[in-house]
Amino acid sequence: MHHNLPEIKVDLTFNKKQLAFRPPLEELKIRFYREIRTFISIPLNFGGVGGDVEIYKKMPDSNSDALFTVYTKAENLFV
């Protein structure tokens, strides 16, 4: 899924004998989760083509097991 998300630019800095991310890791995590949430909510905005638009609104809930995996793997990126 991460291949479908926009790229997040990160700089690696060396300051006071320590490596650090810029923006900080916590901000990167917030941005990443925001992008996941935006991607997952795409079907909620589908208007359909004359069919039942409610089916699109059910997609995230219908795939809750897969979304759990997505969020678990996302969390592992920041450990």
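Please refer to the structure higher up on the page.
Right, let's walk through the structure included here. (Residues numbered from 1 in each chain as written. Predicted model: local features only at pLDDT ≥ 70, side-chain atom pairs only at ≥ 80, totals over all residues. Heavy atoms only, no water.)

1. Quick word on the packing of helix α1 (residues 25-40) against helix α4 (residues 64-77)
Here is step 1: For the pair α1 and α4, the least separation of the axes is 11 Å and the interaxial angle reads 160°. As summarised for this structure, α1 and α4 are arranged roughly antiparallel, according to the angle between their axes. The chirality of how α1 crosses α4 is right-handed. In contact with Lys29, Phe32, Tyr33, Ile36, Arg37 and Ile40 of α1, α4 contributes Leu67, Val70, Tyr71, Ala74, Glu75 and Leu77.
Here is step 2: Residues belonging to the contact of α1 with α4 are distributed by class as follows: 9 nonpolar, no polar and 3 charged. (Axes fitted to C-alpha atoms, helices over the stretch in contact; angles between N-to-C directions. Helix = DSSP H or I, 4+ residues; strand = E, 2+ residues; numbered from the N terminus. Parallel < 35°, antiparallel > 145°, perpendicular 65-115°, else oblique. Left-handed = near helix turned anticlockwise from the far one by under 90°. Contact = heavy atoms within 4.5 Å. Nonpolar A, V, L, I, M, F, W, Y, C, P; charged D, E, K, R; others polar.)

2. Side note on α1
Here is step 1: The terminal C-alpha atoms of α1, which comprises 16 residues, lie 22 Å apart, in line with the 22 Å expected from a rise of 1.5 Å per residue.
Here is step 2: Among the structural elements, β2 (18-22), α3 (59-62) and α4 are those in contact with the buried residues of α1. (Expected span 1.5 Å × (residues − 1).)

3. Let's talk about the nonpolar core
Here is step 1: Counting residues in hydrophobic clusters, the biggest one holds 9 residues: Leu5, Leu28, Phe32, Tyr33, Ile36, Ile40, Leu67, Ala74 and Phe78.
Here is step 2: Elements with a minimum of two residues in this core: α1 and α4.
Here is step 3: Examining the composition of this core, we find that 5 residues originate from one element, α1, more than from any other. (Core = buried A, V, L, I, M, F, W, Y, C linked by side-chain atoms within 4.5 Å. Buried < 20%, exposed > 50% of the residue type's maximum accessible area, 1.4 Å probe, protein only.)

4. Things to note about unusual backbone geometry
Here is step 1: The omega torsion of the bond from Arg22 to Pro23 falls at 0°, within 30 degrees of zero and hence cis.
Here is step 2: You can see Pro23 is positioned in the loop between β2 and α1.
Here is step 3: Despite not being glycine, Lys16 has its phi angle at roughly 55°, a positive value.
Here is step 4: Summarising the element assignment, Lys16 is placed in the loop between β1 (11-15) and β2.

5. Describing a nonpolar patch on the surface
Here is step 1: On the surface, Val10, Leu12, Phe14, Leu19, Phe21 and Leu25 cluster together into a nonpolar patch covering about 630 Å² of accessible area.
Here is step 2: Looking at the nonpolar patch, the elements that each hand over two or more residues are β1 and β2.
Here is step 3: Note that Val10 resides in the segment before β1.
Here is step 4: Under the relative-accessibility criterion, Val10 is labelled partly exposed at 39%. (Patch = residues over 30% accessible without salt bridge, like charges linked within 9 Å, V, L, I, M, F, W, Y side chains within 5 Å. Areas by Shrake-Rupley, 256 points an atom, 1.4 Å probe, with all protein chains shown as cover. Salt bridge = Lys/Arg side-chain N within 4 Å of Asp/Glu carboxyl O.)

By themselves, these observations are geometric and do not establish any function.
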